[in-house]
Amino acid sequence: MKRYCTRPARAFLLACLGAGVAAAQAAPGDGSDRFFGNGHWRVAVSPWSLHFAPSEEHKPVVALALEWQRDDDWLWGGSYFTNSFGQPSAYVYLGQRIGHLLEAQPQLFVQWSAGMMYGYRGEYQHKVPFNSNGFSPGLLLSLGWAFDERSSAQINLLGSAGLMLQISYELR
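Described in the following lines is the structure provided in the data block.

Cut-offs used in this document
- Residues numbered from 1 in each chain as written.
- Predicted model: local features only at pLDDT ≥ 70, side-chain atom pairs only at ≥ 80, totals over all residues.
- Heavy atoms only, no water.
- Helix = DSSP H or I, 4+ residues; strand = E, 2+ residues; numbered from the N terminus.
- Buried < 20%, exposed > 50% of the residue type's maximum accessible area, 1.4 Å probe, protein only.
- Contact = heavy atoms within 4.5 Å.
- Salt bridge = Lys/Arg side-chain N within 4 Å of Asp/Glu carboxyl O.
- Pairing = 2+ DSSP bridges.
- Axes fitted to C-alpha atoms, helices over the stretch in contact; angles between N-to-C directions.
- Polar contact = N/O pair within 3.5 Å; in protein donor to acceptor, adjacent residues only side chain to side chain.

1. What to know about the environment of M164
Here M164 lies in strand β8 (residues 162-171). For M164, a relative accessible area of 8% puts it in the buried group. Residues M164 and A63 lie 101 residues apart in sequence; the distance between their C-alpha atoms is 9.4 Å. Discounting residues that sit within four places of it in the chain, M164 has contacts with S46, W48, S49, V61, A63, Q154, I155, N156 and L158.

2. Remarks on the pattern of salt bridges
Overall, the coordinates contain five salt bridges when judged by the stated rule. We note a salt bridge from R97 to E170, for which the minimum N-O separation is 3.7 Å. Taken together, the residues R97 in strand β4 (residues 88-98) and E170 in strand β8 connect sequence positions 73 residues apart. Classification of E170 by relative accessible area gives buried; the value is 6%. We note a salt bridge from E170 to R172, for which the minimum N-O separation is 2.7 Å. It is possible to trace a salt-bridge network through shared partners that takes in R42, E67, R97, E170 and R172.

3. Quick notes on the sheet that holds strand β1 (residues 39-51)
Around the barrel, which closes on itself, the eight strands sit in the order β1-β2-β3-β4-β5-β6-β7-β8 with antiparallel pairing between neighbours. Strand-to-strand, the axes of this sheet are offset by a mean angle of 25°, without reference to chain direction. One ladder, built from seven bridges, connects strand β2 (residues 63-70) with strand β3 (residues 74-82); its direction is antiparallel. Paired with L64 across the bridge in β3 is Y80.

4. A closer look at unusual backbone geometry
Glycine aside, the phi torsion of most residues is negative, and most peptide linkages are trans. Unlike most non-glycine residues, H100 shows phi in positive territory, near 55°. Position of H100 relative to the elements: it lies in the loop between β4 and β5 (108-118). You can call H100 exposed: its relative accessible area is 63%. Residue F130 is not a glycine yet carries a positive backbone phi of 60°. With respect to the helices and strands, F130 occurs in the loop between β5 and β6 (135-146). Owing to a relative accessible area of 72%, F130 belongs among the exposed residues under this scheme.

5. Description of the side chain of S79
Relative to the assigned elements, S79 resides in strand β3. Of note is the side chain of S79, whose polar atom sits 3.4 Å from the backbone oxygen of L64.

6. Considerations on the pairing of β4
One face of the sheet, then the other: side chains in a regular strand alternate in exactly this way. Of all eleven residues in β4, eight are buried, a share of seventy percent or more. Two successive antiparallel strands, β3 and β4, enclose a turn made up of five residues, where G86 displays a positive phi of approximately 80°. In this sheet, β5 lies alongside β4 in antiparallel orientation, the contact comprising nine bridges. Its bridge partner being in β5, I98 is matched across the sheet by V110.

See the structure below:
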């Protein structure tokens, strides 16, 4: 029988739950809100990806993310996804969303994140650089469009591997 809630998935879900509990208990002004700051949660789903060099080994990549977006444009979060080879994987990161790039197009934004990825193991461990026991550094660069105050879409550059579409909704 296939196990759907693997060790990385459980760790990611527990980390998100812990972050949510900590945020709910942080009292403004007592110093505990420095990490969270003023801001809001964002949920994101990535239903589609494109590989620059497709292979018969590649499987569909689907991701689910939860981010805390601070009012000063910094963010942190985590994502649970199936990698290009069907392995359950996770990415924990911090980054920045920079909006209002062009005066004529205030909906346009860029986002970057850097963090730690887990999931490329076994015969696929060499598919990502600097992998050690499934852990490797991660970096995402994104270009996005805000449809309104809460919803947006972005294209994430996955290193030299491909592109991923992400759709986000802000919980304000």
